[in-house]
Amino acid sequence: MEEKAKENGIAAMAACYQKFDPAAYLQYNYTPPRADFARKDSIVPWKLACLHRAFTEGDVSGELLVDIGSGPTLYQVMSGCEVFNKLILTDFLEVNRQELRCWLQNEGGCSLDWTPYLEHVCKLEGKRPSAWKEKAGRLRHVISDILPVDVHCSQPLAPETLPLAGADCLVSCFCLESVSPDLPAFTRALGHIGKLLRPGGHLLLIGALGESYYFGGPGVRIPVVPLNEAQVCDSLKESGYTLIRLEVYTLPQDMQVGVDDVTGVFFAKAKKE
Ligand SMILES: C[S@@+](CC[C@H](N)C(=O)[O-])C[C@H]1O[C@@H](n2cnc3c(N)ncnc32)[C@H](O)[C@@H]1O
Ligand SMILES: O=S(=O)(c1ccc2c(c1)CN[C@@H](CF)C2)N1CCSCC1
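What you see is a predicted model, and the numbers here were worked out from it, not measured in a lab. (Residues numbered from 1 in each chain as written. Chains lettered and ligands numbered in written order. Predicted model: local features only at pLDDT ≥ 70, side-chain atom pairs only at ≥ 80, totals over all residues. Heavy atoms only, no water.)

(A) Structural detail: the packing of helix α8 (residues 183-194) against helix α9 (residues 229-238). At a closest axis distance of 9 Å, the pairing of α8 and α9 adopts a crossing angle of 45 degrees. Overall, the two elements α8 and α9 adopt an arrangement that is oblique. When you trace α8 past α9, the crossing you get is right-handed. Within the contact between the two elements, α8 uses Leu183, Phe186, Thr187 and Leu190 and α9 uses Gln231, Ser235, Leu236 and Glu238. Within the contact of α8 with α9, the residues separate by chemical class into four nonpolar, three polar and one charged. (Axes fitted to C-alpha atoms, helices over the stretch in contact; angles between N-to-C directions. Helix = DSSP H or I, 4+ residues; strand = E, 2+ residues; numbered from the N terminus. Parallel < 35°, antiparallel > 145°, perpendicular 65-115°, else oblique. Left-handed = near helix turned anticlockwise from the far one by under 90°. Contact = heavy atoms within 4.5 Å. Nonpolar A, V, L, I, M, F, W, Y, C, P; charged D, E, K, R; others polar.)

Shown next as structure tokens:
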């Protein structure tokens, strides 16, 4: 595809995000029925268990964990904060970075109470659920920066953000496929973020399968690159990663709540070659 067409597609995606509403997004995706800790087949326990296992099974280590496209969410780093001493959260939009700062400052007024997520991750770690306050404290202690990011740039973060060696681990959830105009752009973005990772470092990638759109707020319809498992595997390989594990969750019908047309969620653990 010629350069101008690529630039136009990326610009169109950026325009879609100008009306993104963090509070609405959190309500759509991170409250019941999608975030129902009491349901055995809920996606929340599945995703948090995937992240817990990936961070704690012994091969992931180092100093620095970077979350790419954090949005207004924190669930994705609740296990990783016990493994890494430094955590950088990133997002394209100031409204999302502001939501993350709100939680970090712990002065109330944030859009979502993350306590149920913190309690669940404590249980996965063999702690009492009431240990969630200590976990929140650990997470606030290790978050060192909340920075702008653009995965379509060959250098997604500002220079000098990371040590020369790169990050030891990246996590990215529901970002690349929901900010890319097409599959080639998704694959290129994978390559761009891969340059932030040291050789031998790990990528924990969570994303939507079969999704063609989602609502980022009332009337804010955002196009998504519909992915299947084979495309995720091919894109990872093409971008210089070795796939360690791919897990897939199929959304129960009643979790199709009208905010998107996602059919499944994938969890990929990969290593940068
Ligand atoms: C579907 S949300 C995912 C949020 C969160 N990671 C989660 O798990 O729910 C996609 C995020 O990508 C961000 N984003 C939009 N354009 C981006 C870009 N070019 N580079 C990086 N992130 C971008 C949006 O601001 C939004 O927070
Ligand atoms: O997997 S979810 O249902 C989920 C969570 C976030 C998203 C989707 C699905 C699908 N559309 C994405 C648009 F990018 C965002 N989930 C919501 C409850 S907590 C764990 C994650």
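This is not the end of the story, as more comes after the structure.
(B) Highlighting the layout of surface pockets. Taken as a whole, the largest pocket holds about 730 Å³ of empty space. What lines the largest pocket is a set of 42 residues, and nearest its centre among them are Tyr25, Cys173, Phe174, Cys175 and Ser178. Within the residue set of the lining of the largest pocket, elements represented by two or more residues are α1 (3-16), α2 (22-29), α3 (43-56) and α7 (176-179). Among the elements that line the lining of the largest pocket, the one with the most residues is α3, at four residues. In terms of residue class, the lining of the largest pocket is built from 26 nonpolar, nine polar and seven charged. (1 Å grid on protein atoms, 1.4 Å probe; cavity = no way out; pocket = protein on both sides within 12 Å on 5 of 7 lines; lining within 4 Å. Points joined across faces, edges and corners; volume = space filled by probe spheres on them.)

(C) Structural detail: the sheet that holds strand β1 (residues 64-68). Pairing is mixed in the open sheet, where seven strands are placed in the order β3-β2-β1-β4-β5-β9-β8. At either margin of the open sheet sits one strand with a lone partner, and together these are β3 (143-148) and β8 (241-250). Mean inter-strand twist for the sheet, computed between neighbouring axes without regard to direction, equals 15 degrees. When β1 meets strand β2 (residues 86-91), the two strands line up parallel, connected through four bridges. When the bridges of β2 are listed, Val66 appears paired with Ile88. The strands touched by helix α4 (residues 94-105) are β2 and β3; relative to β3, the strand with the most contacts, the crossing angle is about 165 degrees. (Pairing = 2+ DSSP bridges.)

(D) Molecular detail of the pairing of β2. Burial within β2 is extensive, with five of its six residues counted as buried. Looking at chain direction, β2 and β3 are connected through five bridges and run parallel. Residue pairing across strands places Ile88 opposite Asp145, the latter belonging to β3. (Buried < 20%, exposed > 50% of the residue type's maximum accessible area, 1.4 Å probe, protein only.)

(E) Expanded view of the packing of aromatic side chains. Here the structure, examined in full by the defined rule, presents twelve aromatic pairs. For the ring pair Tyr25 and Tyr214, a centre distance of 6.1 Å and an interplane angle of 70 degrees mean the geometry is edge-to-face. Taken together, the positions of Tyr25 in helix α2 and Tyr214 in strand β6 (residues 213-215) put the pair 189 residues apart, joining distant regions of the chain. When its relative accessible area of 11% is taken as the criterion, Tyr25 is described as buried. Look at Trp46 and Tyr249: their rings are 5.4 Å apart centre to centre, the planes differ by 45 degrees, and that puts the pair in the tilted class. Of this pair, Trp46 sits in helix α3 while Tyr249 sits in strand β8, and the two are 203 residues apart along the sequence. There is no split in this pair, since Trp46 and Tyr249 are both buried. The residue whose ring lies beneath Arg140 is Trp103, and the NZ or CZ to ring-centre distance is 3.8 Å. (Phe/Tyr/Trp six-rings, centres within 6.5 Å; stacked < 30°, edge-to-face > 60°. Lys NZ or Arg CZ within 6 Å of the ring centre and 35° of its normal.)

(F) Looking closely at the pattern of salt bridges. On inspection of all chains with the given rule, the structure shows 18 salt bridges. A salt bridge links Glu57 to Arg245; the shortest N-O distance between them is 2.8 Å. Placement of the pair is Glu57 in the loop between α3 and β1 and Arg245 in strand β8, with a sequence separation of 188 residues. Using a relative accessible area of 35% as the deciding quantity, one classes Glu57 as partly exposed. A salt bridge links Asp168 to Arg198, with the shortest nitrogen-to-oxygen separation between them at 2.7 Å. (Salt bridge = Lys/Arg side-chain N within 4 Å of Asp/Glu carboxyl O.)

(G) Summary view of the site of ligand 1. Close to ligand 1 lie 22 residues, the nearest being Tyr25, Tyr30, Tyr75, Asp91 and Cys173. Interatomic distance of 3.3 Å between a backbone N/O atom of Ser70 and a nitrogen atom of ligand 1. Here ligand 1 loses 98% of its free accessible area of 600 Å² to cover by the protein chains. Taken together, the residues of the shell around ligand 1 sort by class into 13 nonpolar, seven polar and two charged. (Near = heavy atom within 4 Å. Polar contact = N/O pair within 3.5 Å; in protein donor to acceptor, adjacent residues only side chain to side chain. Areas by Shrake-Rupley, 256 points an atom, 1.4 Å probe, with all protein chains shown as cover.)

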